[in-house]
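The lines below spell out each chain.
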Amino acid sequence: MTGTKAAFVTTGLRAHQDEVAAAASAQSILTITADAGCVVAGKCIVGISGASKTQIIVNKAAARRSGIRFGSAFLMLVKEI
């Protein structure tokens, strides 16, 4: 993942989320997923769901570990955990 700024973590990578999280954290890569469990577990930084309405979840601890910071305007639109 060298040189990558963002990585989409699909449900097919569920078995490799620990490895992806470690690599992303070490290289300050933003991880984005539709798997809320990955965000809740702190293995992904941003989760996006869109059943009846779009919801964005941000894991603050995972973002800190990766050195990822978000602007206050974006944070007003998301649910932080």
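Because the structure is a prediction, the values reported are computed rather than measured.

Draft legend 1. Focus on the overall build of the chain. Summing up its helical and strand segments, the chain has 4 helices and 5 strands in all. N-terminal to C-terminal, the α/β element order of the chain is β-α-β-α-β-β-α-α-β. Over its C-alpha trace the chain gives a radius of gyration of 12 Å, about what one expects of a compact globule, namely 12 Å for 81 residues. The dimensions of the chain, computed from C-alpha atoms along their principal axes, are 30 × 25 × 20 Å. Put simply, 30% of the contacts in the chain that link residues at least 6 apart link residues at least 24 apart.

Draft legend 2. Expanded view of the pairing of strand β1 (residues 6-9). In β1, alternate side chains face the same way, and those of A7 and V9 are buried while those of A6 and F8 on the opposite face are not. Considered for its hand, the β-α-β crossover made up of β1, helix α1 (residues 17-26) and strand β2 (residues 30-33) is right-handed.

Draft legend 3. Spotlight on the state of the cysteines. Counting across every chain of the model gives 1 disulfide. A disulfide bridge connects C38 with C44, and the sulfur atoms are separated by 2.0 Å. Every disulfide takes its handedness from the sign of the S-S torsion; for C38 and C44 that torsion is 70°, giving right-handed. Of the two residues, C38 and C44, neither departs from the other in class, the shared state being buried.

Draft legend 4. Just the sheet that holds strand β5 (residues 79-80), in detail. Pairing within the open sheet is mixed, and its 5 strands lie in the order β1-β2-β3-β4-β5. Either end of the sheet is taken by a strand with one partner, and the two such strands are β1 and β5. Bridge count for β2 against strand β3 (residues 46-49) is 2 bridges, and the pairing is parallel. Residue pairing in the sheet places T33 in a bridge with G47 of β3.

The rules behind these values
- Residues numbered from 1 in each chain as written.
- Predicted model: local features only at pLDDT ≥ 70, side-chain atom pairs only at ≥ 80, totals over all residues.
- Heavy atoms only, no water.
- Helix = DSSP H or I, 4+ residues; strand = E, 2+ residues; numbered from the N terminus.
- Rg over C-alpha atoms; globule rule 2.2 N^0.38 Å.
- Contact = heavy atoms within 4.5 Å.
- Buried < 20%, exposed > 50% of the residue type's maximum accessible area, 1.4 Å probe, protein only.
- Right-handed = clockwise from strand over helix to strand, strands pointing away.
- Disulfide = S-S within 2.5 Å.
- Pairing = 2+ DSSP bridges.

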